[in-house]
Amino acid sequence: MKVDWSDVAQGFQALSVNVTTQVSLRELSRWKIGGTAPVLASPASTSEVSAVIRYCNERGIPYVVIGDTSNLLFCDDGLQAVLIRIGRSMSKIEHSGTNIKVHAGRWVPSLARFSASKGLTGLEHTAGIPGTVGGLVCMNGGSQRKGIGQSLVSVTAVMPDGSVREFSHDDCGFAYRTSVFQVNGAIITEVELQLDSAESQDVRRDMLSILKSRRLKFPLKMPNCGSVFASNPAMYDKVGAPGFAIEQAGLKGFSIGDAKISDVHANFFVNKGFASSSDMLALIHKARDVVHERTGFLMDSEVRYVNPNGTSIPANDARKEKS
């Protein structure tokens, strides 16, 4: 189906949704990789997200939902789909006692700083994680082998049919770096967290310690998406973390085109300047195959490859699309 993208943009404007056209994915992406997207919608509320989804569904228009793109690899061919960004326009935050309610577009380090300023503890492990709250919850993200799910009370989300649903903690299916939101197609819009009281200065001190450690461990100055491979508890016990396994395989610093396994941390893949999606996919498969040959473990990628029609799949399943 041929889509009149100018008509789509006008349709979103009629819904009072902020719209940008002909968006450079390379400029938008944290990896600085990708072609062009015809329309970017930036809703400012749960109701606007619902309206955009219903609009797309009624017209059979493909779409892909993004936050800060920290786990996405966009195709160099660009998109023929609507980008729906849950970002800065959805970043409201409020608190009452030890309870915080926050919109899904809030920048995670900002949420961590906010909680510290209110004398609340429990989110220190998220202080250096690049991304938005929605993505953090979807991945049950965190550091120091902790996950945001430990502090979560409820989630408000827009379902694939455009309806709005509330999820309790138990509904979310949290496990290590996983949640039900990775498979049910729901778009997280708001989150409620329950934290504990603490002295602000103690929380800030712990956060600064975590941030210092991240600065020493991770290549923060070059375009990257964070950890490429998820830690597997069984592999961790026998071999170690993915970065250690990749380093032991002799791949630290290895490059394909301008895609490079970082010299600082081998589970971070960086763009040296003009890496293509093909380069990055090839590098992901190289690391996965070599580690598998050496250890018998197949590492699963945290990265989602977004193809031109807006479908996203684990990068380790994307070989056929770029062969």
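Residues numbered from 1 in each chain as written. Predicted model: local features only at pLDDT ≥ 70, side-chain atom pairs only at ≥ 80, totals over all residues. Heavy atoms only, no water.

Another point: the overall build of the protein. Per the secondary structure count, the protein includes nine helices and 18 strands. Over its C-alpha atoms the protein spans a radius of gyration of 20 Å, differing by no more than 12% from the 20 Å that the globule rule assigns to 323 residues. Overall, the C-alpha framework of the protein stretches about 55 × 55 × 30 Å when taken along its three principal axes. Scored against the burial criterion, the 323 residues of the protein give a buried share of 53%. Looking at the protein, you have 35 positive and 31 negative side-chain charges, and the mean spots of the two groups are 6 Å apart. (Helix = DSSP H or I, 4+ residues; strand = E, 2+ residues; numbered from the N terminus. Rg over C-alpha atoms; globule rule 2.2 N^0.38 Å. Buried < 20%, exposed > 50% of the residue type's maximum accessible area, 1.4 Å probe, protein only. Lys, Arg positive; Asp, Glu negative; His and termini not counted. Charge placed at Lys NZ, Arg CZ, Asp CG, Glu CD.)

Moving on: the nonpolar core. F12, I100, V137, V155 and V191 are the most contacted members of the largest nonpolar core, which totals 48 residues. Ranked by residues supplied to this core, first place goes to helix α3 (residues 46-59) with five residues. Counting residues in hydrophobic clusters, the runner-up holds 31 residues, among them W31, V228, A245 and Y305. (Core = buried A, V, L, I, M, F, W, Y, C linked by side-chain atoms within 4.5 Å.)

So, about the state of the cysteines. Across all of its chains, the model carries zero disulfides by this definition. No disulfide involves C138; its nearest neighbouring cysteine sulfur is the one of C172, lying 10 Å away. This cysteine, C225, is not joined by any disulfide, and C138 carries the nearest cysteine sulfur, 15 Å off. (Disulfide = S-S within 2.5 Å.)

This part is about the packing of aromatic side chains. According to the stated counting rule, one finds three aromatic pairs in the structure shown. Ring geometry for F167 against F181: centres 4.9 Å apart, planes inclined by 70°, an arrangement best described as edge-to-face. Linking F167 in strand β10 (residues 164-168) with F181 in the loop between β10 and β11 (187-194), this pair joins segments that are 14 residues apart in sequence. Relative accessible area serves as the criterion here: at 2%, F167 is assigned to the buried category. Overall, F181 belongs to the buried group, its relative accessible area being 5%. Geometry around Y55 places R59 over its ring, the cationic atom sitting 3.6 Å from the centre. In this structure, R165 is placed above the aromatic ring of F167, and the distance from its NZ or CZ to the ring centre is 4.0 Å. (Phe/Tyr/Trp six-rings, centres within 6.5 Å; stacked < 30°, edge-to-face > 60°. Lys NZ or Arg CZ within 6 Å of the ring centre and 35° of its normal.)

Let us look at the layout of surface pockets. Space inside the second largest pocket adds up to approximately 260 Å³. Lining the second largest pocket are 15 residues; nearest its centre among them are R30, G128, P130, R214 and L220. Of all elements in the fold, only α6 (200-217) and β13 (224-227) reach the threshold of two or more residues within the lining of the second largest pocket. By residue number, the principal contributor to the lining of the second largest pocket is α6, which donates three residues. For the lining of the second largest pocket, the per-class residue count stands at eight nonpolar, three polar and four charged. (1 Å grid on protein atoms, 1.4 Å probe; cavity = no way out; pocket = protein on both sides within 12 Å on 5 of 7 lines; lining within 4 Å. Points joined across faces, edges and corners; volume = space filled by probe spheres on them. Nonpolar A, V, L, I, M, F, W, Y, C, P; charged D, E, K, R; others polar.)

A separate point is the sheet that holds strand β14 (residues 255-256). Across the sheet, four strands lie side by side as β13-β16-β15-β14; this open sheet has antiparallel pairing. Whereas interior strands pair on both sides, the edge strands pair on one side only; in this sheet they are β13 and β14. (Pairing = 2+ DSSP bridges.)

Attention now moves to the pattern of salt bridges. Once the charged atoms of two side chains with opposite charge are near each other, the side chains can pair. Evaluated as defined, the whole model comprises eight salt bridges. A salt bridge links D300 to R288; the shortest N-O distance between them is 3.5 Å. Within this pair, whereas D300 is found in the loop between α9 (277-295) and β17 (304-306), its partner R288 is found in helix α9, the two being separated by twelve residues in sequence. Overlapping salt bridges bring together R30, D68, R85 and R88 as one network. (Salt bridge = Lys/Arg side-chain N within 4 Å of Asp/Glu carboxyl O.)

Packing of helix α1 (residues 5-14) against α3 brings their axes to within 10 Å, and their N-to-C directions diverge by 145°. Note on packing geometry: the crossing formed by α1 with α3 is right-handed. Listed contacts from α3 to D7, V8, G11 and F12 of α1 are V52, Y55 and C56. Here the contact of α1 with α3 is composed, by residue class, of five nonpolar, one polar and one charged. (Axes fitted to C-alpha atoms, helices over the stretch in contact; angles between N-to-C directions. Left-handed = near helix turned anticlockwise from the far one by under 90°. Contact = heavy atoms within 4.5 Å.)

Here we come to the side chain of H103. Summarising the element assignment, H103 is placed in strand β7 (residues 99-103). When its relative accessible area of 15% is taken as the criterion, H103 is described as buried. Apart from residues lying up to four places away in sequence, H103 is in contact with M90, S91, K92, V133, T189 and E190.

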